[in-house]
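Breakdown of the fold
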Amino acid sequence: MRTGSKITPNEPCWCGSGTKYKKCHQARDLLKELQGQTGEALRAANPPSAGYVAVRPGVVSDRRTVDPSIPAPSYAKTGQVAGDRGANLIKTPDQIARMRRACRAAREVLETVKKAVAPGVTTDQLDAIAHEEYQRLGGYPSTLNYHGFPKSLCTSVNEVICHGIPDSRPLVEGDIVNLDITIYLDGMHGDLSETVGVGVIDDASQKLIDVTREAMYAGIGVCRPGQRIRAIGQAIEAHVAPHRYGVVRAFVGHGIGEMFHLDPQVPHYDDPQATFVMRPGQTFTVEPMINQGTWQHESWKDGWTAVTADRKRSAQHEHTLLITERGVEILTLPDGMPQPFTH
Ligand code: MF3
Ligand code: CO
Ligand code: CO
């Protein structure tokens with residue numbers, strides 16, 4: 001038996017590795033502790049509601065600090081994001097190698113946070129776990145102070161489309177929550193997200209999540225050198241149309257690398273203005289947000305949280321991609337999952 005929680009972050013880890021606790025087992029211990037608390041008691045205290053209840057803002061905890069030894073992007077101090085003028089969008093082999101490491105680490109953080117999702121767990125607790133896990137992997141949580149964003153991941157619950165701020169709201173059985181993870185590691189950002197169910201969810205929500213994932217892969221599947229970015233939105237719309245869901249237009253995928261958000265913009269709907277052409281060595285995200293009802297959104301007073309205008313649910317899935325000579329490689333796949341498209 002061990003009680004990792006008694007150790008302070010800078011003390012040597014209990015496992016005897018000789019590494020500081022925060023760089024070693026702290027994130028995993030937090031997760032274990034949380035899982036110890038979940039289960040029947042929390043489930044009973046957070047029963048599923050008869051219908052959908054609107055998500056309300058909770059209390060946002062104090063800003064978490066990042067170990068100063070971890071290389072941080074320039075906005076970490078200021079909240080001001082530098083422009084990307086003149087960035088070369090074709091990455092060198094060295095840049096690509098660093099993108100691979102960042103994207104792999106982002107996947108690892110997401111897998112850790114996903115395990116903590118359960119009724120009764122607050123999105124702030126998910127933030128605490130993600131925050132430690134980024135640092136254990138040697139990375140900075142890219143969202144932290146990005147244009148002033150206060151937390152280390154985005155947690156978007158039910159009708160929240162994107163950019164939900166982790167807060168004191170406990171997840172409730174039947175909720176759906178998007179976990180959007182971005183790490184800055186080796187000088188590169190790696191970005192991915194998934195929407196998952198909390199406990200047992202209704203069939204309509206499961207279908208929304210599944211169709212959104214399929215739509216993302218439909219968009220990724222058309223990527224190859226010489227292809228226009230526009231084809232991604234066309235493929236997503238074609239996949240979603242039979243279900244009569246809304247495809248969000250206000251938020252788009254994006255180029256990514258040394259900067260969190262770069263050219264090109266990647267609309268998930270058919271946008272004739274998306275004339276950018278894909279070339280080997282480019283890295284960008286595909287991250288469709290799909291709504292049960294209208295594609296239109298409203299924003300909370302916090303300046304971040306985007307919700308569906310009709311308060312029906314919204315799901316999102318995101319990968320970071322590399323255009324290769326032969327097609328597309330997904331950089332944020334889970335370990336060991338085969339690439340679905342030639343590359
Ligand atoms: N990760 C989000 C994306 O996919 C961006 C979050 S930016 C934040 O592009 F400021 F809201 F954190
Ligand atoms: Co993201
Ligand atoms: Co993104």
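Preceding this section is the structure that the text describes.
Throughout what follows, the structure given in this document is the object of discussion. (Residues numbered from 1 in each chain as written. Chains lettered and ligands numbered in written order. Predicted model: local features only at pLDDT ≥ 70, side-chain atom pairs only at ≥ 80, totals over all residues. Heavy atoms only, no water.)

1. Focus: the sheet that holds strand 13 (residues 314-316)
Pairing in this open sheet of three strands is antiparallel, and the strands run 6-10-13 from one edge to the other. Both edges of this open sheet fall to strand 6 (246-247) and strand 13, since each of them pairs with a single strand only. (Pairing = 2+ DSSP bridges. Helix = DSSP H or I, 4+ residues; strand = E, 2+ residues; numbered from the N terminus.)

2. Focus on the coordination of the cobalt ion (ligand 2)
Protein-derived coordination of the cobalt ion (ligand 2) comes from Asp-180 (OD), Asp-180 (OD), Asp-191 (OD) and Glu-318 (OE), at a distance range of 2.0 to 2.5 Å. Of note is the cobalt ion (ligand 2), whose six donor atoms meet at the metal with angles of 57 to 165° in an arrangement that counts as irregular. A gap of 3.3 Å separates the cobalt ion (ligand 2) and the cobalt ion (ligand 3), which Asp-191 links by coordinating each metal. Residue Asp-180 is found in strand 4 (residues 176-185), and its partner Glu-318 is found in the loop between strand 13 and strand 14 (319-323); the two are separated by 138 residues along the sequence. In this structure, Asp-180 and Glu-318 share a single accessibility class: buried. (Donors = N, O, S within 2.8 Å, 3.2 Å for Na, K, Ca; no water. Tetrahedral: all angles 85-135°; square planar, octahedral: opposite > 155°, others 65-115°. Buried < 20%, exposed > 50% of the residue type's maximum accessible area, 1.4 Å probe, protein only.)

3. Quick notes on the site of ligand 1
Near ligand 1 there are 14 residues, and of these Asp-191, His-254, His-261, Glu-287 and Glu-318 occur at the shortest range. Between ligand 1 and the protein, one listed contact pairs a nitrogen atom with a side-chain N or O atom of Thr-182 at 3.3 Å. Within the side chain of Asp-191, a nitrogen or oxygen atom sits 3.0 Å from an oxygen atom of ligand 1. When isolated, ligand 1 has an accessible area of 330 Å², and the protein chains bury 97% of it. For the shell around ligand 1, the class distribution of residues is five nonpolar, five polar and four charged. (Near = heavy atom within 4 Å. Polar contact = N/O pair within 3.5 Å; in protein donor to acceptor, adjacent residues only side chain to side chain. Areas by Shrake-Rupley, 256 points an atom, 1.4 Å probe, with all protein chains shown as cover. Nonpolar A, V, L, I, M, F, W, Y, C, P; charged D, E, K, R; others polar.)

4. Structural notes on the coordination of the cobalt ion (ligand 3)
Protein-derived coordination of the cobalt ion (ligand 3) comes from Asp-191 (OD), His-254 (NE2), Glu-287 (OE) and Glu-318 (OE), at a distance range of 2.0 to 2.3 Å. Considering all six donor atoms around the cobalt ion (ligand 3), the spread of angles at the metal, 51 to 163°, places the coordination shape in the irregular class. Between the donor residues of the cobalt ion (ligand 3), the gaps in sequence give the motif D-x62-H-x32-E-x30-E. Given a relative accessible area of 5%, His-254 falls into the buried group.

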